[in-house]
Amino acid sequence: MSDTLGTDTADGRRPQGTPGAGDAATSVPPAPPRAAAHRRGRARTRLEIAVLSAPAVITFLAFVIFPVALAAYYGFYQWKGYGEPTDWVGLNNYELILTDPAFHDVLWHNGLILVLSLVIQGPLAIVLALLLNQRIRGRSVIRVLVFVPYIISEIIVGTGWSLMLQSDGAVNDLLHRIGLSSLEADWIADPDLAIWTLMAIITWKYIGFAVILMLAGLQSIPDEIFEAAQIDGASYWQIQRRITLPLLGPTIRIWAFLSIIGSLQLFDLVYIIWGQYVSGTAGTSTMAIYMLAQGRNAGNYGYGSAVAVVMFVISLVVALIYQRFVLRRDLRGAVTEGTV
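Rules of the game
- Residues numbered from 1 in each chain as written.
- Predicted model: local features only at pLDDT ≥ 70, side-chain atom pairs only at ≥ 80, totals over all residues.
- Heavy atoms only, no water.
- Helix = DSSP H or I, 4+ residues; strand = E, 2+ residues; numbered from the N terminus.
- Buried < 20%, exposed > 50% of the residue type's maximum accessible area, 1.4 Å probe, protein only.
- Areas by Shrake-Rupley, 256 points an atom, 1.4 Å probe, with all protein chains shown as cover.
- Patch = residues over 30% accessible without salt bridge, like charges linked within 9 Å, V, L, I, M, F, W, Y side chains within 5 Å.
- Salt bridge = Lys/Arg side-chain N within 4 Å of Asp/Glu carboxyl O.
- Phe/Tyr/Trp six-rings, centres within 6.5 Å; stacked < 30°, edge-to-face > 60°.
- Axes fitted to C-alpha atoms, helices over the stretch in contact; angles between N-to-C directions.
- Left-handed = near helix turned anticlockwise from the far one by under 90°.
- Contact = heavy atoms within 4.5 Å.
- Nonpolar A, V, L, I, M, F, W, Y, C, P; charged D, E, K, R; others polar.

> Sorry if this is basic, but what is going on with the overall build of the protein here?
If you tally the helices and strands in the protein, you get 16 helices and zero strands. Counting the 340 residues in the protein, one finds 31% classified as buried. Summed over all atoms, the accessible surface of the protein reaches about 21500 Å², with 65% contributed by carbon and sulfur.

> Before we go on, may I ask you to explain a nonpolar patch on the surface in this structure?
A cluster of nonpolar side chains, Phe 312, Val 313, Leu 316, Val 317, Leu 320, Ile 321 and Phe 325, forms an exposed patch at the surface whose accessible area comes to about 640 Å². With respect to the helices and strands, the residue Val 313 is situated in helix α15 (residues 301-325). Looking at Val 313, the relative accessible area reads 42%, which means it is partly exposed.

> Just checking my understanding: could you explain the packing of aromatic side chains for this structure?
For any pair of aromatic rings, the description consists of the separation of the ring centres together with the inter-plane angle of the planes. Inspection of every chain in the model, using the stated rule, returns 16 aromatic pairs. Between the aromatic rings of Phe 257 and Tyr 322, the centroid separation amounts to 5.6 Å while the plane-to-plane angle is 35 degrees, which identifies the pairing as tilted. Separated by 65 residues along the polypeptide, Phe 257 in helix α11 (residues 249-264) and Tyr 322 in helix α15 bring together distant segments of the chain. Looking at Tyr 322, the relative accessible area reads 12%, which means it is buried. Grouping aromatic residues by their ring pairs yields a cluster made of Tyr 73, Tyr 74, Phe 76, Tyr 77, Trp 79, Trp 88, Tyr 94 and Tyr 301.

> Honestly, the packing of helix α6 (residues 154-164) against helix α8 (residues 191-219) in this entry has me stumped. Any pointers?
One can describe the packing of α6 onto α8 by two numbers: an axis separation of 12 Å at closest approach and a directional angle of 145 degrees. Relative to α8, the crossing made by α6 is right-handed. Taking contact as the criterion, the partners of Glu 154, Val 157 and Trp 161 in α6 are, on α8, Ile 201, Trp 204, Lys 205 and Tyr 206. Looking at the contact of α6 with α8, its residues break down into five nonpolar, no polar and two charged.

> Is there a simple way to explain helix α14 (residues 287-296) in this structure?
Working note: α-helix, 3.6 residues per turn, so residues spaced by three or four point in the same direction. Those residues of α14 lying buried are Met 287, Ala 288, Ile 289, Tyr 290, Leu 292 and Gly 295. Taken together, the buried residues of α14 touch α4 (101-132), α11, α12 (268-273), α13 (275-282) and α15.

Listed below in structure tokens is the structure:
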């Protein structure tokens, strides 16, 4: 019988091209150290993250951070909006803002809009989402109709409602035709009604967005949980209170955060319907309207820039506080150490 592979021939020489044990050990290149490979993998991951996130970071710096820094710079000057600012006033603009009763009023209006938006839109959106999550006829059509106002331009919404809410507009005419003339009112200019008129328009405009978010949160809850609760004898309202609302909590908190930031920055609907002058007397003026009236329209862009910085700081502080005390449970574990 012939020798097995790797043995010497009869004359004592190894067959050409036949590897021996020693040759096999030296022909295979040594594996790189695990630590070096791990470092190279981490470096490659960081490079990919840097390359992919660079466009977003550059855009954020160019259109958010740089304008805020520039506004903060102009806020230290009495500037008319053209040429180099030379009239240095230091913190005087900011002192005027914080001591101006008109700014206190608009800050109160923003706070009131914020609270009313949460109190009115939140429960209403949850109720509508629960109804539209049921298997009812025409559910898809109703969802579209609820969401349509959200995608309509604010200019169209503001113009349409401002025409309908005039003293001789469609709303008062409808009330007159159905025999409710006693309910006719000056919906826009009456200080006792204007804020509620604004809230009705805001609710009609943005409730669709809240409903879509709530529906998405409801559909992410497994049906098995509801079936198990029904088997255990839980009623419909017990299921909603004990299961649905707690599991819908992250969606509600995210919607509330978006609503808070939007309320602090509200401008377009108020400006289109009330304008900068009527909004002040009607009690619907906001910080953004105040910035426009006291800044650009008054020819004092330095003061307007300071108002913009104050708005940014207020929004940032509110966002950080909300994230720290409300969103903490949702963000916990979202980012773990040692993943990059």
